[in-house]
Amino acid sequence: MINLTIDGINVSVSKGSTILQAAREVGIYLPTLCWHPDQAVKANCRVCVCEVEGNRLLQAGCSTPVTEGMVVKTKTPQVIEARRTILELILSNHPQDCLNCIRNQNCELQDLANEYMIRDNPFELKVRGYKLDRSTPSIVRDQDKCILCRRCIDACSVTQSVFALGVEGRGVNSMVVPTMGLPLMESPCVLCGQCIHACPVGAIYENEQIDEFLAAVADPDKIVVTQIAPAIRLAIGEEVGMNTGELPMEVFVTGLRQMGFDHVLHTNFTADLTILEEGNELLNRLKEGGTLPMFTSCSPGWINFCETFYPDLLDNLSTCKSPQQMFGSLVKTYWAEKMGIDPAKIYSVSIMPCTAKKYEASRPEMNSSGYRDVDLVLTTREIGRLFRMSGMDFNQLPPSDFDSWMGKYTGAAVIFGATGGVMEAALRTVYEVVTEQELKDVNFTGVRGMEGIKEAAVDLNGTEVKVAIAHGLSNARKLMDQVRSGESPYHFIEIMACPGGCIGGGGQPLTKANKKRAERIEAIYVEDEGMPIRKSHENPEVKIIYDEFLHEPLGHKSHELLHTHYHAKNKRYL
Amino acid sequence: MAEEMRIVLRNYGKIDPLKIEDYIAQGGYKALEKARSMSQSDLIAEVKKSNLRGRGGAGFNCGQKWSFAYGAESDIKYVVCNADEGEPGTYKDRLIMENDPQALLEGMAICAYAIGAKQGYIYCRGEYPQVIKILNQAIEQAVTKGVLADFAIEVRSGAGAYVCGEETALIESIEGSRGEPRFKPPYPPSQGLWGKPTIVNNVETFANLPAIVENGADWYASIGVPSYPGTKIFTLTGDVNNCTFFEVPTNTTIRELIYKFGGGIPAGKKFKAVQIGGTSGAFIPESQLDTPVAFDNMSTIGATLGSGAVFVVDETRDIVDVAARIAGFFEHESCGKCAPCREGTARIAEIMENINDGFGEMSDLALLKKLGRVMSVSCLCGLGQAAPAPVITTIEHFMADYQAKIL
Ligand SMILES: Cc1cc2nc3c(=O)[nH]c(=O)nc-3n(C[C@H](O)[C@H](O)[C@H](O)COP(=O)(O)O)c2cc1C
Ligand code: SF4
Ligand code: SF4
Ligand code: SF4
Ligand code: FES
């Protein structure tokens, strides 16, 4: 243990701790901008500087390790002058645009400007005047707001191993830009949105499409139908001032109805369907010597990654569309027919934890219903904003049920939202299909949790099936390199682009720390635990759709509506 | 009065730099042999005792720095020579490398033995292609002669940015990354090149070592000012008669440098100020000219030794204009990694340009001083920390010139 004093308070912390960590131990929070709880120290913003006795220079709290007997002062006049001046400097080229900014009231720079009472900035405001990058359907970059903390670069390079972002130029002309200064769409970016979570300010954000939604609701000729992804419910509460998992599903449904959705359905339904299609695809591949290991295909950020970096492995991808797209093609065919609604009138909105889904919905091949299958994708955050605008108090809203057909789901679908969830859901079904025995304990706890790469083996009637799970694309890359070199021992691999899985998706309530992701995962398993049915193949509506419409997994109709194909992206620079 | 004294440049003009035999005939590589006969810790203790301090600007005790790398547990360690010499008006390292490259190699080899390194790099300024050629030839000869034993040296060409002379930016650059400083600690002697213990020393620092090892620490420690003993090479530029270089003991005063060695100001003009140590050096007025050119003595007057560039400004020069240009230099050379330097250098340049163009206000000076106070203690690396010095010291010593522009 290292003993030191911070502002006169004695602190004892383990060796290797930083001043910032030690200060937190005694309830002193240093201001930070470039520091990120799950990233390497950068020490470039300098707002965390402190006085350390014996040093002429102020020391950055986030990067300076404590030493025995160290005397730290965190709020002397010199320290405060330094922090305020640095903030003034940063703000002096920052568009004074808080009222219009997507991060208004959720911005680390705004918070510090407020805390440090930046009033009359002595430096003349000089906004840099970059153009907005709206090249992707998912993500917008506003370089004028960038404070060059480089957290997005860390997220993109270290967490995701995509390396789409870097610094170009020097000094005051330096800027964080996509590869070779290209528009984001032309870089290898996979649209996962992890950079959004990392950004302390409004320099990267989702392509907000609330106007499109409001226009659809206002259009009397449109029937607005929504699907809610598995990872939404437990996180949406965070957007309206509740704890993770606290908002009951039924109240959420009422909230959506109030916002003008005509029919509220559930992506969980097609998550269950995915399990039947994908589970059977796996069994086929195992039986008939198809390409193995098979990769899950429900994470569009991952699909983009595979198409960009591993085009040679596209045959390994399950041909199943993501649950969102399965839902999209079914809602304008099966559901429309069943409801007696003209599919041309259906405006299909999906509520997703994901920015890459906005892109996925816009893929030209995603129109198997004869229309664009999913018309609009709104992220959890966008729905959160709609909810806040609505003035609804979710503590008082009465509950209501999903609409019928494609609204029922099982615990297996619920866990799709967490890393390992698709795998566990698949195992619950595949086990029973192959062994024709009831699975006594449905909990495959070995595939759960925040570990980057997890593996498990299941005995299916004497055949050992080896599975692996990765979340976060740098972990995926490890498994892919193994596959590429022919050394992968697995039969089935689940990949989710985002750390923690969809609960940490790029469209979820802003999550700076992985701790929050772990909390959401916990909430997801609580929900699964409480479901009366926990195996996809036991979903009664799924049984009905096969009886009435699809007839069999991997059948003709399935192929037409539920499966897809992939293309190498051939990006110019990787 | 001090006389010129050549330790580092002892072979200047006496040998053919491209003949290792010449160097050896002058007693070259005896020191390395002697060093290798000592234990590593004795050698380091000797260097420490000589009180040799880094000639690259920061003035850190050389032997002490080595002892950190020596004490660091690692199978691989590196010796890096900082030959980036990006400071305008400075060419002392080039002088050494062009005229006595073997002295540098011998100094590096002594260090390598002391800390237990097998690989060395010379990071040489990219604008010195002829020097790189000389170094490569010198290395080849030393290898052929076998004097370096199992110590290998590779020359790397600099990336052209001023900041790459900062030791951690230099390390990043050798590693193939954008030349940007790292935060410290950890310092290079514990985690440097590729995360391994690394000694980065300046060319002049290394070139001192053969003489120190050969003649002993006491000899060296007795030369010049005890707190910063030995000699220092100065390169004179600006309004001074002898625009050339001198190696002088460190008890030489600034006045002697300018008037005795430099021959005074041309055309009978009066002295106005001198900037020592390169672009980021303080401007020193007449009243402080009797300060010896040793590290701590310079610190007491708020100045530095830096690279040893001496830039003399006579009474006819517009010092505000000079300071404004320097501010522009730093705006251009800031790497942009840390906020106070990235934004601060640009603001200083902007405000100085304003003042220089006659649009300044007195409140600008207060703002410049505030920037100076903050940047000098908050920036990530020495560039940003030192960048405000020329502006701040000219405001301090030549307020009338500023007032004349403002009013
Ligand atoms: C912006 C900047 C530029 C520097 N340029 C050089 C240089 O060109 N040569 C050099 O030897 N040291 C330079 N230094 C100092 C080095 O960081 C380092 O202190 C030095 O190489 C250590 O060697 P020494 O102990 O022998 O002086 C520079 C420092 C800064 C902050
Ligand atoms: S969306 Fe993902 S891949 Fe694209 S820049 Fe952001 S972190 Fe990188
Ligand atoms: S875009 Fe955001 S996260 Fe990236 S460097 Fe700029 S401010 Fe930081
Ligand atoms: S002080 Fe300047 S040069 Fe040094 S790291 Fe900061 S921005 Fe780069
Ligand atoms: S938080 Fe410490 S330097 Fe940015």
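Conventions adopted
- Residues numbered from 1 in each chain as written.
- Chains lettered and ligands numbered in written order.
- Predicted model: local features only at pLDDT ≥ 70, side-chain atom pairs only at ≥ 80, totals over all residues.
- Heavy atoms only, no water.
- Helix = DSSP H or I, 4+ residues; strand = E, 2+ residues; numbered from the N terminus.
- Rg over C-alpha atoms; globule rule 2.2 N^0.38 Å.
- Buried < 20%, exposed > 50% of the residue type's maximum accessible area, 1.4 Å probe, protein only.
- Areas by Shrake-Rupley, 256 points an atom, 1.4 Å probe, with all protein chains shown as cover.
- Lys, Arg positive; Asp, Glu negative; His and termini not counted.
- Charge placed at Lys NZ, Arg CZ, Asp CG, Glu CD.
- Axes fitted to C-alpha atoms, helices over the stretch in contact; angles between N-to-C directions.
- Parallel < 35°, antiparallel > 145°, perpendicular 65-115°, else oblique.
- Left-handed = near helix turned anticlockwise from the far one by under 90°.
- Contact = heavy atoms within 4.5 Å.
- Nonpolar A, V, L, I, M, F, W, Y, C, P; charged D, E, K, R; others polar.
- Buried area = accessible area lost by both parts, 1.4 Å probe.
- Salt bridge = Lys/Arg side-chain N within 4 Å of Asp/Glu carboxyl O.
- Polar contact = N/O pair within 3.5 Å; in protein donor to acceptor, adjacent residues only side chain to side chain.
- Core = buried A, V, L, I, M, F, W, Y, C linked by side-chain atoms within 4.5 Å.
- Near = heavy atom within 4 Å.
- Phe/Tyr/Trp six-rings, centres within 6.5 Å; stacked < 30°, edge-to-face > 60°.
- Domains from an automatic or database assignment.
- Pairing = 2+ DSSP bridges.
- Arc of directions from axis to C-beta.

### A word on the overall build of chain B
Thinking step 1. The helix and strand inventory of chain B stands at 18 helices and 11 strands.
Thinking step 2. Radius of gyration (C-alpha) of chain B: 21 Å, near the 22 Å computed for a compact globule of 407 residues.
Thinking step 3. Seen through its C-alpha atoms, chain B measures out along the principal axes to roughly 70 × 45 × 35 Å.
Thinking step 4. The burial tally for chain B puts 62% of its 407 residues in the buried class.
Thinking step 5. With the model as given, the accessible surface of chain B reaches about 14,300 Å², and the carbon-plus-sulfur share is 51%.
Thinking step 6. Side chains of chain B carry 39 positive and 49 negative charges; the gap between the two charge centres is 2 Å.

### Side note on the packing of helix α5 (residues 92-99) of chain B against helix α9 (residues 203-215) of chain B
Residue and element names in this part refer to chain B.
Thinking step 1. Where α5 contacts α9, the two axes come as close as 9 Å, and the packing angle between them is 45°. Taken together, the axes of α5 and α9 are oblique relative to one another. Of the two possible hands of crossing, α5 and α9 adopt the one that is left-handed. Of the residues in α9, those touching α5 at K92, D93, I96 and M97 are V203, E204 and A207.
Thinking step 2. Here the contact of α5 with α9 is composed, by residue class, of four nonpolar, no polar and three charged.

### So, the interface of chain B and chain A
Thinking step 1. Of the residues lining the interface, 33 residues belong to chain B; the matching set on chain A comes to 36 residues.
Thinking step 2. Taking both partners together, chain B and chain A bury about 2,900 Å²; carbon and sulfur atoms supply 53% of that area.
Thinking step 3. Counting across the interface, chain B meets chain A through five salt bridges.
Thinking step 4. When the shortest N-O distance is used, the salt bridge between R150(A) and E180(B) registers 2.7 Å.
Thinking step 5. Remark: the boundary between chain B and chain A carries 16 residue pairs in polar contact (both at pLDDT 80 or more).
Thinking step 6. Residue classes in the side of chain B that touches chain A are distributed as 15 nonpolar, seven polar and 11 charged.

### Description of the nonpolar core
Thinking step 1. Within the largest apolar cluster, 147 residues are counted, with the highest numbers of intra-cluster contacts made by F252(A), F261(A), W302(A) and I383(A).
Thinking step 2. With seven residues, the top contributor of residues to this core is helix α15 (residues 421-435) of chain A.
Thinking step 3. Setting aside its immediate chain neighbours within four residues, F261(A) contacts F213(A), V224(A), V225(A), T226(A), L256(A), V349(A), I351(A) and I383(A).
Thinking step 4. Core analysis: the next-biggest nonpolar cluster, separate from the first, contains 61 residues, V8(B), C124(B), F206(B) and I223(B) among them.

### Concerning the site of ligand 2
Thinking step 1. Close to ligand 2 lie I139(A), C156(A), V162(A), L165(A), C189(A), V190(A), L191(A), C192(A), G193(A) and C195(A), which account for all nearby residues.
Thinking step 2. Here the residues of the shell around ligand 2 sort into nine nonpolar, one polar and no charged.

### Digging into the packing of aromatic side chains
All names here are of chain B.
Thinking step 1. Under the criterion given, the structure shown has 21 aromatic pairs over all chains.
Thinking step 2. Taking 5.3 Å as the distance between ring centres and 70° as the angle between the ring planes, the aromatic pair formed by Y12 and F245 counts as edge-to-face. Taken together, the residues Y12 in the segment before α1 (20-25) and F245 in strand β8 (residues 245-249) connect sequence positions 233 residues apart.
Thinking step 3. A residue is classified by how much of its surface remains accessible, and Y12, at 29% relative accessible area, is partly exposed.
Thinking step 4. For F245, a relative accessible area of 10% gives the class buried.
Thinking step 5. With centroids separated by 6.1 Å and ring planes inclined at 25°, the aromatic side chains of Y228 and F295 adopt a geometry described as stacked. Placement of the pair is Y228 in strand β6 (residues 228-229) and F295 in helix α12 (residues 295-300), with a sequence separation of 67 residues.

### So, the site of ligand 4
Thinking step 1. Taken together, 13 residues lie near ligand 4, and C335(B), C338(B), C341(B), C381(B) and G384(B) sit nearest.
Thinking step 2. Residue composition of the shell around ligand 4, by class: nine nonpolar, three polar and one charged.

### Quick notes on the pattern of salt bridges
Working definition: two side chains of opposite charge can pair if their charged atoms are close together.
Thinking step 1. Within the structure shown, the criterion is met by 64 salt bridges over all chains.
Thinking step 2. For K42(A), the salt bridge identified is with D154(A), shortest N-O distance 3.7 Å. Highlighted residues: K42(A) in the loop between α1 (19-25) and β3 (49-52) and D154(A) in helix α4 (residues 151-159), separated in sequence by 112 residues. As far as the burial class goes, K42(A) and D154(A) line up, both buried.
Thinking step 3. Between K269(B) and D314(B) there is a salt bridge, and its shortest N-O distance comes to 4.0 Å. With K269(B) in the loop between α11 (254-261) and β9 (271-276) and D314(B) in strand β11 (residues 309-314), this pair connects stretches of sequence that are 45 residues apart.

### Describing the domain arrangement of chain B
Residue and element names in this part refer to chain B.
Thinking step 1. Split into domains, chain B comes out as domain 1 (20-222), domain 2 (228-314) and domain 3 (319-406).
Thinking step 2. Domain 2 puts 12 residues into the contact, and the matching count from domain 3 is 13 residues.
Thinking step 3. Both faces combined, the contact of domain 2 with domain 3 buries some 1,000 Å², and carbon together with sulfur accounts for 76% of it.
Thinking step 4. Of all residues in domain 2, K272, T279 and F283 give up the largest surface area on contact with domain 3, accounting jointly for 54% of the area buried on that side.
Thinking step 5. Our count for the domain 2 to domain 3 interface comes out at one salt bridge.
Thinking step 6. Between D401 and K272 there is a salt bridge; the shortest N-O distance is 2.7 Å.
Thinking step 7. Our count for the domain 2 to domain 3 interface comes out at two residue pairs in polar contact (both at pLDDT 80 or more).
Thinking step 8. With three residues, the top contributor of residues to the side of domain 2 that touches domain 3 is β9.
Thinking step 9. A class-by-class count of the residues in the side of domain 2 that touches domain 3 yields six nonpolar, five polar and one charged.

### Concerning unusual backbone geometry
Thinking step 1. The omega torsion of the bond from L292(A) to P293(A) falls at -10°, within 30 degrees of zero and hence cis.
Thinking step 2. Structurally, P293(A) can be placed in the loop between α9 (267-288) and β12 (294-295).
Thinking step 3. Put simply, K184(B) and P185(B) share a cis peptide bond, and its omega is -5°.
Thinking step 4. Positionally, P185(B) belongs in the loop between α8 (167-174) and β4 (198-202).
Thinking step 5. In this model, D7(A) sits at a positive phi of 50°, which is unusual for a non-glycine residue.

### Some details on the environment of A346(B)
Thinking step 1. With respect to the secondary-structure elements, A346(B) resides in helix α14 (residues 339-356).
Thinking step 2. Sequence separation between A346(B) and F330(B) is 16 residues; the distance between their C-alpha atoms is 7.9 Å.
Thinking step 3. Setting aside residues up to four positions removed in sequence, A346(B) forms contacts with V172(A), E331(B) and C341(B).

### Description of the sheet that holds strand β1 (residues 2-6) of chain A
Residues and elements named next belong to chain A.
Thinking step 1. Strand order in the open sheet made by the five strands is β2-β1-β5-β3-β4, with mixed pairing throughout. Looking along the sheet, the strands with just one partner apiece sit at the ends: β2 (9-13) and β4 (59-60).
Thinking step 2. Direction of pairing for β1 relative to strand β5 (residues 71-73): parallel, over a ladder of two bridges. Looking across to β5, one finds that I6 is bridged to V72.
Thinking step 3. Here helix α2 (residues 77-91) sits on the sheet in contact with β3 and β5, set at roughly 160° to β3.

### Points about the domain arrangement of chain A
Thinking step 1. The domains assigned to chain A are domain 1 (2-75), domain 2 (124-206) and domain 3 (211-562).
Thinking step 2. Computed from C-alpha coordinates alone, the two centres of domain 1 of chain A and domain 3 of chain A are separated by 43 Å.

### Comments concerning the side chain of S67(B)
Thinking step 1. Here S67(B) shows up in helix α4 (residues 62-71).
Thinking step 2. Not counting residues within four places of it along the chain, the set of residues in contact with S67(B) comprises I44(B) and K48(B).

### Quick look at the sheet that holds strand β10 (residues 283-285) of chain B
All names here are of chain B.
Thinking step 1. Here we have five strands laid out as an open sheet, ordered β8-β7-β11-β9-β10, and mixed in their pairing. Single-partner strands in this sheet number two, and they are β8 and β10. Direction aside, the axes of adjacent strands within the sheet are offset by 30° on average.
Thinking step 2. In this structure, β9 lies alongside β11, joined through five bridges in antiparallel fashion. The partner of V274 across the bridge, within β11, is V312.

### Focus: helix α6 (residues 210-218) of chain A
All names here are of chain A.
Thinking step 1. Among the residues making up α6, those that are buried are I210, F213 and A216. For α6, the buried positions fall inside an angular range of 125° around the axis, keeping them on one side. For α6, the exposed residues lying more than 90 degrees away from the buried face are D211 and A218.
Thinking step 2. Along its buried surface, α6 packs onto β10 (223-228), β13 (346-352), β14 (376-379) and α13 (380-390).

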